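Each chain, written out:
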Amino acid sequence: MLTLGINYGSHDSAAAIAVDGKLLFAIAEERLSGKKHDGGFPVHAIGATLAHAGARIADLDEVAFGWQQFSAIQVADLRKYCAQDLSRAFHPHACLVDP
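Residues numbered from 1 in each chain as written. Predicted model: local features only at pLDDT ≥ 70, side-chain atom pairs only at ≥ 80, totals over all residues. Heavy atoms only, no water.

**Some thoughts on the overall build of the chain**
Here's step 1: Within the chain, the regular secondary structure consists of four helices and four strands.
Here's step 2: The secondary structure elements of the chain, listed N-terminal to C-terminal, are β-β-β-α-α-β-α-α.
Here's step 3: Across the 99 residues of the chain, 33% fall into the buried class.
Here's step 4: In the chain, of all internal contacts separated by at least 6 residues, the share reaching a separation of at least 24 is 60%. (Helix = DSSP H or I, 4+ residues; strand = E, 2+ residues; numbered from the N terminus. Buried < 20%, exposed > 50% of the residue type's maximum accessible area, 1.4 Å probe, protein only. Contact = heavy atoms within 4.5 Å.)

**Some details on unusual backbone geometry**
The bulk of non-glycine residues show a negative phi, and the bulk of peptide bonds are trans.
Here's step 1: The phi dihedral of Asp 20 is positive, around 50°, even though this residue is not glycine.
Here's step 2: One can find Asp 20 in the loop between strand S2 (14–19) and strand S3 (22–28).
Here's step 3: Judged by relative accessible area, which is 58%, Asp 20 ranks as exposed.
Here's step 4: Located in the positive-phi region is His 37, a residue other than glycine, with phi close to 55°.
Here's step 5: In this structure, His 37 sits in the loop between helix H1 (29–33) and helix H2 (43–53).

**Digging into the pairing of S3**
On a regular strand, each side chain points to the face opposite its neighbour's, so the side chains alternate between the two faces of the sheet.
Here's step 1: As defined by bridge partners, S2 adjoins S3 across six bridges and the pair is classed as antiparallel. Looking at S3, one finds that Ala 15 is bridged to Ile 27.
Here's step 2: Following S2, the chain reverses through two residues before pairing antiparallel with S3; Asp 20 in that reversal takes a positive phi of roughly 50°. (Pairing = 2+ DSSP bridges.)

**Thoughts on the environment of Asp 59**
Here's step 1: Secondary-structure assignment places Asp 59 in the loop between H2 and strand S4 (62–65).
Here's step 2: Asp 59 sits 58 residues away from Met 1 along the chain, and the two C-alpha atoms are 9.3 Å apart.
Here's step 3: In terms of polar contacts, Asp 59 uses its side chain to reach the backbone amide nitrogen of Arg 56, at 2.8 Å. (Polar contact = N/O pair within 3.5 Å; in protein donor to acceptor, adjacent residues only side chain to side chain.)

**Things to note about the pattern of salt bridges**
Here's step 1: This model, assessed by the stated rule, comprises two salt bridges.
Here's step 2: Note that Lys 36 is salt-bridged to Glu 30, the shortest N-O span being 3.8 Å.
Here's step 3: Between Asp 59 and Arg 56 there is a salt bridge, with its nearest N and O atoms 3.7 Å apart. (Salt bridge = Lys/Arg side-chain N within 4 Å of Asp/Glu carboxyl O.)

**Some words on the sheet that holds S2**
Here's step 1: The four strands are arranged S3-S2-S1-S4 in an open sheet whose pairing can be described as mixed. The two strands at the open ends of the sheet, each matched to only one other strand, are S3 and S4. Averaged over all adjacent pairs, the angle separating strand axes in this sheet is 20°, with direction ignored.
Here's step 2: Pairing of strand S1 (residues 2–7) with S2, which is carried by six bridges, proceeds in the antiparallel orientation. (Axes fitted to C-alpha atoms, helices over the stretch in contact; angles between N-to-C directions.)

**Description of H2**
Here's step 1: Taken together, the buried positions of H2 are occupied by Val 43, Ala 45, Ile 46, Gly 47, Ala 48, Thr 49 and Leu 50.
Here's step 2: Where H2 ends, the next residue or the one after it, Gly 54, has phi of about 65°, a positive value.

Any functional reading would require information that these geometric values do not contain.
Here is the structure:
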């Protein structure tokens, strides 16, 4: 089972990926964006975790959000962010989603 973990909404956004419950890779968005305490949606961190795992959005079994308000989760449509720059930033197929 492949699980993507996302934390964002206030400060220090991050993403992590786990395989069968074991952490494979995690990174803070600020390490990639260069913006200290970056609280935006972790587009680069998600791309890096997927690239590290050799996975695409379509390969995920679960997406877990850490301590987000429900309204923040509702607006986190990964397809929106995939259309931006995830697919170009780290892995040519990192953000393919099924139509």
